[in-house]
Amino acid sequence: VQLQASGGGLVQAGGSLRLSCAASGDTFSRYAMGWFRQAPGKERELVTSISQRGTRTYYADSVKGRFTISRDNAKNTLYLRMNSLTPDDTAVYYCAADDTIAGVTPIRSYEYDYWGQGTQVTVSS
């Protein structure tokens, strides 16, 4: 499966963005999906993940209550709604796909099989 992330940009602290990840080349609904981010000088970290049918989600503590992951399997698209952004959210955001058993929300980067190219999110103070 090929993944194309979009929607990043520059936003002021307290603002919102919605990222999208368009999938092609395979059946999107067979994959658990995740959003990761990597800030300069830091390791890539999981932000959130979602099961194949969207019935289960996982959030990193740092984004709970502010970010929402969702997916539209009919449109082959994954979303990340980000509210109340802070400068600490500045990073390159990546979407990733994991061809795994149904109903899981993978949290480790090595579990993911396919990665998008990343989209930059910059939050100014």
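As a starting point, this report considers the structure included with it. Starting afresh in each chain, residues are numbered from 1 along the sequence in its written order. Where totals are concerned, whole chains, interfaces and linings use all residues; where local detail is concerned, this predicted model gives features only for residues with pLDDT of at least 70, and gives and counts side-chain atom pairs only at 80 or more. As a rule here, side-chain values come from all non-hydrogen atoms in the structure, and water together with hydrogens is ignored.

### What to know about the packing of aromatic side chains
And then number 1: Whether two aromatic rings pair depends on their centres lying within 6.5 Å, for rings of Phe, Tyr and Trp, where Trp uses its six-membered ring; planes under 30 degrees apart make the pair stacked, over 60 edge-to-face, and the rest tilted. Scanning the model with the defined rule gives four aromatic pairs in all.
And then number 2: An angle of 55° between the planes, with centres 4.8 Å apart, marks the rings of Phe 36 and Trp 115 as tilted. Of this pair, Phe 36 sits in strand β4 (residues 32-38) while Trp 115 is found in strand β10 (residues 114-115), placing the two residues 79 residues apart along the sequence.
And then number 3: By way of ring pairs, the aromatic residues Phe 36, Tyr 112 and Trp 115 are connected into one cluster.
And then number 4: In this scheme, Lys NZ or Arg CZ marks a charge over a ring once it lies within 6 Å of the ring centre and within 35 degrees of the ring normal. The residue whose ring lies beneath Arg 71 is Phe 28, and the NZ or CZ to ring-centre distance is 4.4 Å. By the criteria applied, helices consist of DSSP H or I runs no shorter than four residues and strands consist of E runs no shorter than two, each listed in order from the N terminus.

### Here we look at the pairing of β4
And then number 1: Exposure classes here rest on a 1.4 Å probe applied to the protein chains alone. A residue is buried below 20% of its type maximum, exposed above 50%, and partly exposed in between. In terms of residue burial, β4 counts as a mostly covered element, since six of its seven residues are buried.
And then number 2: Two strands are said to pair when DSSP picks up at least two bridges between them. Pairing between β4 and strand β9 (residues 91-98): seven bridges, direction antiparallel. Looking at β9, one finds that Ala 32 is bridged to Asp 98.
And then number 3: As consecutive antiparallel partners, β4 and strand β5 (residues 45-50) are separated by six residues, and within that stretch Gly 41 has a phi angle of approximately 80°, a positive value.

### Overview of the sheet that holds strand β8 (residues 77-82)
And then number 1: Pairing is antiparallel in the open sheet, where four strands are placed in the order β1-β3-β8-β7. Across the chains shown, the open sheet's two edge strands, defined by having one partner strand only, are β1 (2-6) and β7 (67-72). Averaged over neighbouring strand pairs, the angle between their axes works out to 15° when direction is ignored.
And then number 2: Pairing analysis gives six bridges linking β7 to β8, with the strands arranged antiparallel. Bridge pairing in β8 places Ser 70 opposite Tyr 79. Between the N-to-C directions of two axes lies an angle of 0 to 180 degrees, each axis being a line fitted to C-alpha atoms and, for a helix, fitted only over the stretch in contact.

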